[in-house]
Amino acid sequence: MKKILAIVEYTVKENIRHKIFYTILLFGLVIIVSSLLFSMLSGEETRVILDIGLGAIELLAFLSAIFAAVGLVLGEMENRSISLILARPVRRFEYIWGRYVGILSISLFNILLMSFGLIILLLIKGWRLDFRFLLAVAFIFLKVIIISALAILISLISTSAISSISATFFLWVLGHVTDHLKYLNHVLVEKGIKITIFLKAIYYLLPNFQYFNVKDYIGYPASLSGTTILWQLVYSLAYASVATWLSVLIFSRKEF
Amino acid sequence: MMIAIRTEGLTKIYRRKYLLGSKKTIALENLNLEIEDGKVYGLLGLNGSGKTTLLKLLVGLLFPTKGCAYIFGKRVPHLSLLSRIGYLPEFPCFLMYLTASEILHFYGKLYGFSVKEREKRVERTLDLVDLKENRNDRLADFSKGMLERIGMAQVLLHDPELLLLDEPTSGLDPLGIKKMRQTILKLKEKGRTILLSSHFVTEVERVCDQVGILHKGKLKRVVELRGLEVSLEGLFVDTVSEEV
């Protein structure tokens with residue numbers, strides 16, 4: 001455990017000294033503040049600020065996770081500094097988990113900081129804190145838990161940062177439209193084209209990020225049940241665990 | 001005399017896959033080697049002779065295709081052995097955002113040293129490689145020679161019994177080479193076992209007890225340097241020229 005914590009600390013330290021970390025953070029805060037301008041064009045000021053703000057937090061949390069996962073893991077393999085870590089009494093799974101938890105810590109910090117900025121802005125505009133706002137932020141983090149695990153997995157099997165970032169981005173986009181696969185299957189069956197098993201396999205393999213879109217509920221009477229929240233938590237943790245376990249499996253066989 | 005390193009039929013074949021087919025490169029072939037505890041053993045060979053591959057196999061960064069290796073009687077790879085080994089790659093790469101002190105503290109944590117123990121070891125090691133004054137400088141600001149020295153510092157941090165040094169003098173200026181030689185000789189006096197790879201015959205001749213000449217992945221000759229009456233350079237050239 002101490003070795004995992006040492007790698008977590010080293011990941012955080014490395015990341016916060018990287019220019020991209022501050023660029024992403026600054027960009028996020030700029031978008032959140034600029035949502036004020038857009039809100040003036042609409043009658044529902046707080047709604048616009050909320051939508052733009054939460055959207056920005058999600059996008060930038062995703063970017064921060066993907067750059068950290070690809071930049072740190074793939075970067076370390078490419079520049080061979082990894083050999084000086086693995087030449088010490090460190091198990092390969094300790095390295096992967098250390099990196100993963102480190103990346104999540106950075107993302108959580110980013111999300112909390114940007115959410116804090118957004119809350120301040122909303123309170124100034126007379127908004128009353130809604131529990132579902134906190135839930136929406138928590139669910140953004142659940143998405144990051146999944147995508148970070150996938151980004152590490154992809155980094156281990158791809159050959160360049162560009163292909164790694166592109167593949168992770170592709171999965172992120174697909175994860176938001178997986179429900180459309182069901183509809184596609186329905187349409188294809190009606191036309192006599194049977195690829196149901198194939199589509200079902202893709203549907204269950206891809207992460208379903210639509211489960212986590214709580215921000216649409218904020219400000220409306222509809223609410224989420226405790227069971228749904230628990231199920232989404234279990235889903236993200238299970239998905240991320242399987243992806244990280246696969247990363248450990250691949251990494252254990254890697255040569256440097 | 002105890003055997004520090006023993007390899008039995010150690011073979012490493014790299015397979016590079018292409019779209020149509022694959023390419024096979026034999027880096028090490030059926031290597032049988034024994035290195036006694038407390039000796040300085042030099043691996044001499046041309047580029048691509050398999051020196052780096054052997055060191056990486058011993059430290060567990062590569063896995064053998066066939067055969068096996070033992071260090072202090074334990075089959076490699078073995079996690080507990082890594083606390084007893086210090087490894088210096090040919091071109092040591094670090095996280096350039098960290099300072100000299102931070103990187104050594106990080107490695108110290110991976111050995112499980114306490115804070116107090118780490119402080120002591122980091123200070124001592126930085127002193128040994130003349131980088132005490134630069135302890136709070138980022139590695140990104142270091143010169144090539146300073147990075148080589150921090151490379152040696154990370155080897156010495158945990159006071160290992162066995163040192164695996166891959167081309168330890170490559171990229172060093174004459175003063176750096178002299179310093180490295182002195183460090184190796186001091187470690188030899190302390191009874192440490194050292195396996196170093198090089199293609200500089202004169203450097204190997206100055207510090208080693210025994211030399212193995214590797215050529216195209218095969219151990220061609222083992223030479224005891226004490227009492228050697230012919231020139232090592234001549235012997236090396238003759239050995240590698242036989243098949244060139």
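Just so we're clear, the structure is a prediction, and the values are computed from it rather than from any experiment.

1. A word on the packing of helix α3 (residues 45–78) of chain A against helix α5 (residues 92–124) of chain A
Residues and elements named next belong to chain A.
- Packing of α3 against α5 leaves a shortest axis separation of 9 Å and a crossing angle of 160°. Accordingly, the angle class assigned to the pair α3 and α5 is roughly antiparallel. When you trace α3 past α5, the crossing you get is right-handed.
- In terms of residue class, the contact of α3 with α5 is built from 17 nonpolar, six polar and one charged.

2. Section: the interface of chain B and chain A
- In this complex, chain B contributes 23 residues to the contact, which on the side of chain A involves 22 residues.
- No other element matches the four residues that helix α2 (residues 100–110) of chain B contributes to the side of chain B that touches chain A.
- In the side of chain B that touches chain A, the residues fall into 18 nonpolar, four polar and one charged.

3. Concerning the confidence of the model for chain B
- Of all residues in chain B, 99% attain a pLDDT of 70 or more, and the chain-wide mean is 91.
- Two numbers describe this predicted complex: its pTM, 0.88, and its ipTM, 0.89.

4. Considerations on the packing of helix α6 (residues 131–157) of chain A against helix α7 (residues 161–175) of chain A
Residues and elements named next belong to chain A.
- Where α6 meets α7, the axes come as close as 9 Å, and the angle between the chain directions of the two elements is 145°. The two elements α6 and α7 cross, and the hand of that crossing is right-handed. In this structure, α6 uses Ile147, Leu150, Ala151, Ile154 and Ser155 to contact α7, whose residues at the interface are Ser164, Ala167, Thr168, Leu171 and Trp172.

5. As for the sheet that holds strand β10 (residues 218–224) of chain B
Residues and elements named next belong to chain B.
- The strand order across the open sheet built from six strands is β6-β7-β8-β3-β9-β10, with neighbouring strands paired in mixed fashion. The open sheet has two edge strands with one neighbour each: β6 (85–88) and β10. In this sheet, neighbouring strand axes are inclined to one another by 15° on average, regardless of whether the strands run parallel or antiparallel.
- Bridging between strand β3 (residues 40–45) and strand β8 (residues 193–198) involves five bridges; their strand directions are parallel. Pairing of Tyr41 across the sheet is with Leu195, part of β8.
- Sheet strands touched by helix α4 (residues 144–156): β6 and β7 (162–166). Its angle to β6, the strand with the most contacts, is close to 165°.

6. Observations concerning the sheet that holds strand β4 (residues 66–71) of chain B
All names here are of chain B.
- An order of β2-β1-β4-β5 is seen for the four strands of this open sheet, with the pairing classed as antiparallel. Two strands in the sheet have a free side with no partner beyond their single neighbour: β2 (22–36) and β5 (74–75).
- With eleven bridges connecting them, strand β1 (residues 3–17) and β2 associate as antiparallel partners. When the sheet's bridge partners are listed, Thr7 is paired in β2 with Leu33.

Parameters at a glance
Residues numbered from 1 in each chain as written. Chains lettered and ligands numbered in written order. Predicted model: local features only at pLDDT ≥ 70, side-chain atom pairs only at ≥ 80, totals over all residues. Axes fitted to C-alpha atoms, helices over the stretch in contact; angles between N-to-C directions. Helix = DSSP H or I, 4+ residues; strand = E, 2+ residues; numbered from the N terminus. Parallel < 35°, antiparallel > 145°, perpendicular 65-115°, else oblique. Left-handed = near helix turned anticlockwise from the far one by under 90°. Nonpolar A, V, L, I, M, F, W, Y, C, P; charged D, E, K, R; others polar. Contact = placed C-beta atoms within 7 Å. pLDDT = per-residue confidence, 0-100. Pairing = 2+ DSSP bridges.

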